[in-house]
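So the chains spell out like this:
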Amino acid sequence: MTRLGNTVLLGIEERLAGAEQPAAVVVDVGWVNGLAAIRSLGRVGVPVLALDHRRGALGFRSRYAHPVLCPDPQDEEAFVSFLAELGEGLEAPAPVFPTHDEPLNAIARAGERLGERFRFPFPAWDVLGRIQSKRGQLEAAVQAGIAVPRWAAPGSAAEARAAADELGYPVLVKPSTTEGFKRRFGRQAFRCESAVEVERAYADAEEYEPLVQELVPGGDEHLYTLGSYLAADGEPLGLFCGRKLRQTPPGVGTCRVGEAVWVEEVVDRGLALLRAIGHTGLSQVEFKRDPRDGGLRLMEVNPRLWQWHGLAAACGVDLPMIAYQDLVGERPAPASMNGTRRRWAITLLQGERPAPQRPPYVDAVFARDDLKPALVQVARLLRR
């Protein structure tokens, strides 16, 4: 692993010497979304600089990664300065793939500073900043005629309690601005069963501009995703559709088991929303099928790679590679998923039972051509 010096990234020229394609930069490779992006690009010969602030990042163990230890993106000035210097050591502008909101937002805010040395699979900050507001997403969806859960944006704990009383329990108290929220609280939102819990959650999350939102009923299997890459002119060059089967934790969590399934309504409404908010590049749009009326409700838009995008690649829609080709000027032909009912899973996860699926399925960590990340994961689980 290499750390940037005062003026140059030591050894970068040697690492990339003789590469036939421009390098790609994958940022925040601690878990499976970063690992999947590394593999998508590395398998076709793209040199991949894998950046993370943690020495134990799982993506550092991939045979396709050139590991680079970088500052924590929450130290935005240090992180952006690091990237700027890294870019100076590259022969050609590099497509950059942030896998979480903190590096994504930091890079986008520094777009003018970094734009000559990097290529971005997301819009400029004046557009992205609005998309990264969960309140802004809900408001834009309503304007576009897309159904959303009932919600409120309270200005105090008392208003939050009143909103929850009106919506009916249980409710979610969730951040409108998400940067740092999950790292701080270890969750994406607070599920509240009582007024006391709502007031406490609001007080804890106040700096994140919390929203109070109804909890749409139904299990994890009612959560549907459109994964896509839209070129700068709005043409969809990659389209994937799937649904979650299991989350960790259940109800409000991240995908543990997912399935590829094409639902035209999900695709159409997701694309309509992306166009309404002006998004281009990579994204995940998630809906939930409301069993009360059968309609789709918007859950969120993630304007980046999401946790289980490796399933899209297994179904013929390799979104990191599609984005890379477009960003380096080799625009690919549009691609849609070529199969359904194929599954993806994090088979082994600390503190939970194994979740193997009927073969063949895509394991989030194990890969025959890249064994070390799985060996490291198993060793860590055994130690714990």
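Above this note sits the structure.
Here's what I pulled together on the structure shown here. (Residues numbered from 1 in each chain as written. Predicted model: local features only at pLDDT ≥ 70, side-chain atom pairs only at ≥ 80, totals over all residues. Heavy atoms only, no water.)

Moving on, we get to helix α8 (residues 157-167). For α8, the full list of buried residues reads A160, A163, A164 and L167. Angular distribution of buried residues about the axis of α8 spans 100°; they occupy a single face of the element. Exposed and facing more than 90 degrees away from the buried side of α8 are A158 and E166. Residue G168 follows α8 closely and has a positive phi angle near 95°. (Buried < 20%, exposed > 50% of the residue type's maximum accessible area, 1.4 Å probe, protein only. Helix = DSSP H or I, 4+ residues; strand = E, 2+ residues; numbered from the N terminus. Arc of directions from axis to C-beta.)

On to the pattern of salt bridges, then. For the coordinates displayed, the defined rule picks out 29 salt bridges. A salt bridge links D369 to R43; the shortest N-O distance between them is 2.8 Å. Here D369, found in the loop between β18 (362-363) and α14 (372-383), pairs with R43, found in the loop between α2 (32-42) and β3 (48-52); they are 326 residues apart in sequence, far enough to count as distant. Note on R43: relative accessible area 44%, which makes it partly exposed. E193 serves as the salt-bridge partner of R191, at 2.8 Å between the closest nitrogen and oxygen. Of the residues examined, R191 reaches a relative accessible area of 45% and is grouped as partly exposed. (Salt bridge = Lys/Arg side-chain N within 4 Å of Asp/Glu carboxyl O.)

What follows concerns the nonpolar core. Core analysis: the largest hydrophobic core is formed by 73 residues, its most contacted members being L41, F97, F240, L319 and W344. Residue contacts for F240: discarding those within four places in its chain leaves T225, L226, G227, A260, W306, W308, L311, A312, C315 and M337. Among the nonpolar cores identified, the runner-up in size contains 26 residues, and V27, L83, L86 and L114 belong to it. (Core = buried A, V, L, I, M, F, W, Y, C linked by side-chain atoms within 4.5 Å. Contact = heavy atoms within 4.5 Å.)

Below, the discussion takes up the packing of aromatic side chains. Centre distance and the angle of the planes are the two values used to describe a pair of aromatic rings. Applying the stated rule across the entire model yields 9 aromatic pairs. On the numbers, 5.2 Å between centres and 70° between planes, the contact of F185 with F190 is edge-to-face. Across the pair, F190 and F185 agree in class, each one buried. Geometrically, the ring pair formed by F240 and W308 is edge-to-face, given 6.0 Å between the ring centres and 85° between the ring planes. Taken together, the positions of F240 in strand β12 (residues 236-248) and W308 in the loop between β15 (296-302) and α12 (309-314) put the pair 68 residues apart, joining distant regions of the chain. Across the pair, exposure class does not vary: F240 and W308 are buried alike. Residue placement shows R109 over the ring face of W125; its charged tip is 5.0 Å from the ring centre. In this structure, R289 packs its charged tip against the face of Y224, placed 5.9 Å from the ring centre. (Phe/Tyr/Trp six-rings, centres within 6.5 Å; stacked < 30°, edge-to-face > 60°. Lys NZ or Arg CZ within 6 Å of the ring centre and 35° of its normal.)

Our next topic: the packing of α2 against helix α13 (residues 319-327). For any two helices packed against each other, one specifies the inter-axial angle together with the distance between the axes. Look at α2 against α13: their axes get within 8 Å of each other, and the N-to-C directions meet at 55°. When the axis of α2 is compared with that of α13, the two are oblique. When you trace α2 past α13, the crossing you get is right-handed. Here α2 contributes A37, S40 and L41 to the contact with α13, which in turn contributes P320, M321 and Y324. Split by residue class, the contact of α2 with α13 holds 5 nonpolar, 1 polar and no charged. (Axes fitted to C-alpha atoms, helices over the stretch in contact; angles between N-to-C directions. Parallel < 35°, antiparallel > 145°, perpendicular 65-115°, else oblique. Left-handed = near helix turned anticlockwise from the far one by under 90°. Nonpolar A, V, L, I, M, F, W, Y, C, P; charged D, E, K, R; others polar.)

Moving on: a nonpolar patch on the surface. Judged by side-chain polarity, L348, V378 and L382 come together as a nonpolar surface patch covering roughly 260 Å² of accessible area. Structurally, V378 is set in helix α14. (Patch = residues over 30% accessible without salt bridge, like charges linked within 9 Å, V, L, I, M, F, W, Y side chains within 5 Å. Areas by Shrake-Rupley, 256 points an atom, 1.4 Å probe, with all protein chains shown as cover.)

The next thing to look at is the sheet that holds strand β8 (residues 171-174). If you walk across this open sheet you meet the 4 strands as β7-β10-β8-β9, and the pairing is antiparallel. Strands at the two margins of the open sheet, each flanked by one partner only, are β7 (151-152) and β9 (190-192). Two elements, β8 and β9, share 3 bridges in a ladder whose sense is antiparallel. Across the sheet, residue V171 finds its bridge partner in β9, namely C192. With respect to the sheet, helix α7 (residues 134-143) is in contact with β7 and β10 (211-214), its orientation differing from that of β10 by roughly 50°. Here helix α10 (residues 195-205) sits on the sheet and contacts β8 and β9; the angle it forms with β9, its principal contact strand, is near 160°. (Pairing = 2+ DSSP bridges.)

Relative to the assigned elements, R61 resides in the loop between β3 and β4 (65-69). Remark: the alpha-carbon pair of R61 and L296, spanning 235 residues in sequence, is separated by 39 Å. Residue contacts for R61: discarding those within four places in its chain leaves R55, G56, D370, K372, P373, V376 and R380.

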